[in-house]
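The chain contents come next:
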2 protein chains.
Amino acid sequence: MKFELTKDFLEEIIEAIEVDNVQFITEKVLKHYPADVAEVLDAVNKNQAQYIYQLMDEEFASEVLVELDEDVRDEFLASFSNSEITTQVELMDTDDAADFLQDLPDSRKDDILSNMEDVELSSDIANLLSYDEETAGGLMAKEFICANVDWTVGETLANLRKQAQEIDHVYTVYVISEHNKLLGTLSLKTFLYADNETPIKDLYRPNPIAVKTSVSDREVAVVMDKYDLVAVPVVNEAGVLLGRITIDDVVDVMREDAERDMQLATGVTEKIEATDSPWIITRARLPWLLVGMVGGILGALVIGKFEGQLALFPQLAFFIPLIAAMGGNVGVQSSALIVQGLANNSLKFDSTFAKISKEFLVAIINGAILSILIFGYNYLFGADYRLCFTVSLALFAVILLAGIMGTLVPLMLHKYKIDPALATGPFITTLNDVLGLLLYFWIGYAFY
Amino acid sequence: MKFELTKDFLEEIIEAIEVDNVQFITEKVLKHYPADVAEVLDAVNKNQAQYIYQLMDEEFASEVLVELDEDVRDEFLASFSNSEITTQVELMDTDDAADFLQDLPDSRKDDILSNMEDVELSSDIANLLSYDEETAGGLMAKEFICANVDWTVGETLANLRKQAQEIDHVYTVYVISEHNKLLGTLSLKTFLYADNETPIKDLYRPNPIAVKTSVSDREVAVVMDKYDLVAVPVVNEAGVLLGRITIDDVVDVMREDAERDMQLATGVTEKIEATDSPWIITRARLPWLLVGMVGGILGALVIGKFEGQLALFPQLAFFIPLIAAMGGNVGVQSSALIVQGLANNSLKFDSTFAKISKEFLVAIINGAILSILIFGYNYLFGADYRLCFTVSLALFAVILLAGIMGTLVPLMLHKYKIDPALATGPFITTLNDVLGLLLYFWIGYAFY
């Protein structure tokens, strides 16, 4: 019964809500996976979502809540009382609980946590909330299965049964010392073949791949991708096992990072979605548009210095868009590639000089080809020889400049720990435009 | 023993190779995880990689080979004989084997497969190779664990032990009918609690999430992300279980898609990496740069029509860069957001009219703010009133136009099954530039 939220189905659901058709909702909607029900809640309005929510049992409701879109989740949180939230959060995994409570004001968080019956659970969640959201500590959950290195297989299985009741997805058993230091891993598969008497010592895999709590979420994604892990243990500086990150959370991080990079390239400063209100979208876009406008004003000032010449030789104006556009295109092609190379860590061993030389060579080839083509075009259409040379030389110079800047700027940003993806945004294209215009008119001045 | 390939370590490795220090390589390099050894092979040159490769035992070598960067893998494949490749491929999982052989010429593929001792394995791999690379069929592996729905827990465990020997990562047992139709799933965890006598029928979870072989790899990623799956079963049209896709392959797909989208936005036509040669990079960038140049020529023609006016009022030229740049920036902000919304499937329920209206509203607000600001700037600096109005009105019009086009074009491309990410590339910015210039000069013509 593959779930698909078509327009028709959505209309049926809304209609069922209108006429209070509880049976329809219970049988046609709530029988699906939590992620699907969350999709329905994301698509209906606030009141309709509340209606459906009231019909769920507590456990199912908590599973659906963690799948909700952020905006819808915040609406629900605003409508719940603190004690209602306490009940729901007690049913969630600790990492989901921490995410759920993350954006609430501290007073509400404290109230909710202090009212939990399970004190161990509430201090686990509080601990997770203390980590930066964008680190391994902020991604991890406290639910994991561990076995003491001195146990036998039989003792481990008995313990496993107890521990695994709380955990949905069991992939690996973490082997720890008596001081909770992570020593290795054991796959569940091992238990299919092992004798109850065998000591764990003889079976586990040492030198486990783990991440420290302070590592960035991007770094966690890189590690899990590199070693094809579905879960990675999280340790502190002393190697003590503190939590576990599962791949689904990392997949979310990867998706959000990709979207953010794309948005940075278009000069959008805060994370927005296509479903946000016009005001939010406007507010996120305006800052960089203003930067672009300042660039345009600078461009106007540059051209203004050559007003006299333009009056005499207005043909110079014809190719302003070409020069500006090509500078922008070339610059962003270079910077986007460097940014990706930095993200993939594939540029580690090339010296800065090597990287710039390669971009320079590419720029020379592209610049030469394009300059010759535009020269040919101008010549064919009988343009003044001065215009032919001005445009071609300027184009060549601008492409070289844009290629070099497109390489240097992300590398410099990266060196000073600033997100190099900023180099793919309008700031750099604007800079390229202005410098390009300067070059163009200086060269024009020389020829005319 | 966390692995890190620093410049120093790499130099030590290269030096060890030079002096034939086998012990160093065996103890300091080959003791690491396959993904780490692959990282070393990616970083050294061809001969050095061969040297290290010769020192590995067969099984480890096959694990390293599947982790290699594509270019390095192709170099190795070129250096191996067909029978060497047959030996390696026999040790790999079927999906890795299919990927490994994918780009070889058919004659080599046939020879390698026909020389395999295990006929079942070679026909499995051949079957996988028959699917389009970018579909579920192309991603899946034939290794999975299944249980007949009529078995008991005890019978399943006995079978599991046999099947699991071949499989590294066991997450879920797939429950099938006697005709191999997928009926449901069983997590390994269940076996911790179940009695050997209990029938599987009573324990398994029905209505499994599965994908058809024809589904695109992007769709698979969406499904696995949505339901937080680490593995998804693949079925044919009749619901028969054919294979399994694990999350690590999907993570690779996601990463490559994100990189490709970013490159499309900068007008790069084939997938390139920062480590590619200058010729490959040039070849991938040139087509779109030519498009940009054609746009620049069109721009020159447009401005050319107004040569007379420019001679009289060269101030009109000052703001050409501003108009062009703003049109480009606004257009790409709109299109990038729509493209992301389409990829996330979050725009499903907004009508086309709703989407355009929202972008239109954002464009009006941004356009109004920026037009007023530039009017203020021009007025303050004593520009001719005609210039003030021309620039402001043109800017407003261009922003509206760019906003609408930035919304319409990706939606139209999507409707005709063309990748909407093309709309974020230089083609659209070029179009916006030219139309913007036309608007600007028409308005100028009216005022002057």
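What you see is a predicted model; the values in this text were computed from it and never measured.

J.: What is the right way to look at the sheet that holds strand β5 (residues 211–212) of chain B in this model?
T.: In a beta sheet, neighbouring strands pair by backbone hydrogen bonds and run either parallel or antiparallel. Residue and element names in this part refer to chain B. Spatially, three strands are ordered β5-β6-β7 in an open sheet, and the strand pairing comes out mixed. With one partner strand each, in any of the chains shown, β5 and β7 (241–246) form the two edges of the open sheet. In the sheet, strand β6 (residues 231–235) pairs with β7 via five bridges, with the strands oriented antiparallel. Looking across to β7, one finds that Val 232 is bridged to Ile 245.

J.: Help me out: how do you make sense of the relation of the copies chain A and chain B in this one?
T.: The operation relating the two chain copies consists of a rotation about an axis and a shift along that axis. Note on the copies: chain A fits chain B at an RMSD of 0.2 Å, the axial shift is 0.1 Å, and the rotation between them is 180°. One copy is carried onto the other by what is essentially a two-fold rotation axis. Rotation axis and chain A: the residue whose C-alpha lies nearest the axis is Ala 311 of chain A, separated from it by 2.3 Å. A share of 100% of interface residues in chain A that are also interface residues in chain B marks the association as one of identical surfaces.

J.: How should a negative patch on the surface be read in this particular structure?
T.: A cluster of acidic side chains, namely Asp 42, Glu 70, Asp 71, Glu 75, Asp 99, Asp 132, Glu 133, Glu 134 and Glu 256 of chain A, defines a negative patch on the protein surface. By the element assignment, Asp 132 of chain A lies in the loop between α10 (119–129) and α11 (136–139).

J.: Even after reading the chapter, I still don't get the interface of chain A and chain B, so can you show me in this structure?
T.: Much of the literature gives interface size as the accessible area that the parts lose upon coming together. Contacts between chain A and chain B engage 115 residues on the former and 115 residues on the latter. Taking both partners together, chain A and chain B bury about 10,600 Å²; carbon and sulfur atoms supply 66% of that area. Linking chain A with chain B are eight salt bridges, by the criterion used here. Linking chain A to chain B there are 24 residue pairs in polar contact (both at pLDDT 80 or more). Ranked by residues supplied to the side of chain A that touches chain B, first place goes to helix α16 (residues 278–304) of chain A with 17 residues.

J.: Please clarify how the sheet that holds strand β1 (residues 145–148) of chain B should be interpreted in this entry.
T.: Residue and element names in this part refer to chain B. Pairing in this open sheet of four strands is mixed, and the strands run β1-β2-β3-β4 from one edge to the other. For this open sheet the edge positions go to β1 and β4 (205–206), each flanked by a neighbour on one side alone. Pairing between strand β2 (residues 172–176) and strand β3 (residues 182–187): five bridges, direction antiparallel. From the neighbouring strand, Val 175 faces β3, where its bridge partner is Gly 184. Lying over the sheet, helix α12 (residues 153–164) contacts β1 and β2, oriented at roughly 155° with respect to β1.

J.: For this particular structure, what's the right way to read the domain arrangement of chain A?
T.: According to the domain assignment, chain A contains domain 1 (7–129), domain 2 (145–256) and domain 3 (278–447). Just the C-alpha atoms count here: the centres of domain 2 of chain A and domain 3 of chain A sit 51 Å apart.

J.: Sorry, what's going on with the packing of helix α21 (residues 385–415) of chain B against helix α22 (residues 426–447) of chain B here?
T.: Axes are the key here: two packed helices are described by the angle between their axes and the distance separating the axes. Residues and elements named next belong to chain B. For the pair α21 and α22, the least separation of the axes is 9 Å and the interaxial angle reads 150°. As the angle between them shows, α21 and α22 are arranged roughly antiparallel. Relative to α22, α21 is oriented so that their crossing is right-handed. Residue classes in the contact of α21 with α22 are distributed as 18 nonpolar, four polar and one charged.

Criteria and thresholds
- Residues numbered from 1 in each chain as written.
- Chains lettered and ligands numbered in written order.
- Predicted model: local features only at pLDDT ≥ 70, side-chain atom pairs only at ≥ 80, totals over all residues.
- Heavy atoms only, no water.
- Pairing = 2+ DSSP bridges.
- Helix = DSSP H or I, 4+ residues; strand = E, 2+ residues; numbered from the N terminus.
- Least-squares fit on C-alpha atoms with pLDDT ≥ 70 in both.
- Contact = heavy atoms within 4.5 Å.
- Patch = residues over 30% accessible without salt bridge, like charges linked within 9 Å, V, L, I, M, F, W, Y side chains within 5 Å.
- Areas by Shrake-Rupley, 256 points an atom, 1.4 Å probe, with all protein chains shown as cover.
- Salt bridge = Lys/Arg side-chain N within 4 Å of Asp/Glu carboxyl O.
- Lys, Arg positive; Asp, Glu negative; His and termini not counted.
- Charge placed at Lys NZ, Arg CZ, Asp CG, Glu CD.
- Buried area = accessible area lost by both parts, 1.4 Å probe.
- Polar contact = N/O pair within 3.5 Å; in protein donor to acceptor, adjacent residues only side chain to side chain.
- Axes fitted to C-alpha atoms, helices over the stretch in contact; angles between N-to-C directions.
- Domains from an automatic or database assignment.
- Parallel < 35°, antiparallel > 145°, perpendicular 65-115°, else oblique.
- Left-handed = near helix turned anticlockwise from the far one by under 90°.
- Nonpolar A, V, L, I, M, F, W, Y, C, P; charged D, E, K, R; others polar.

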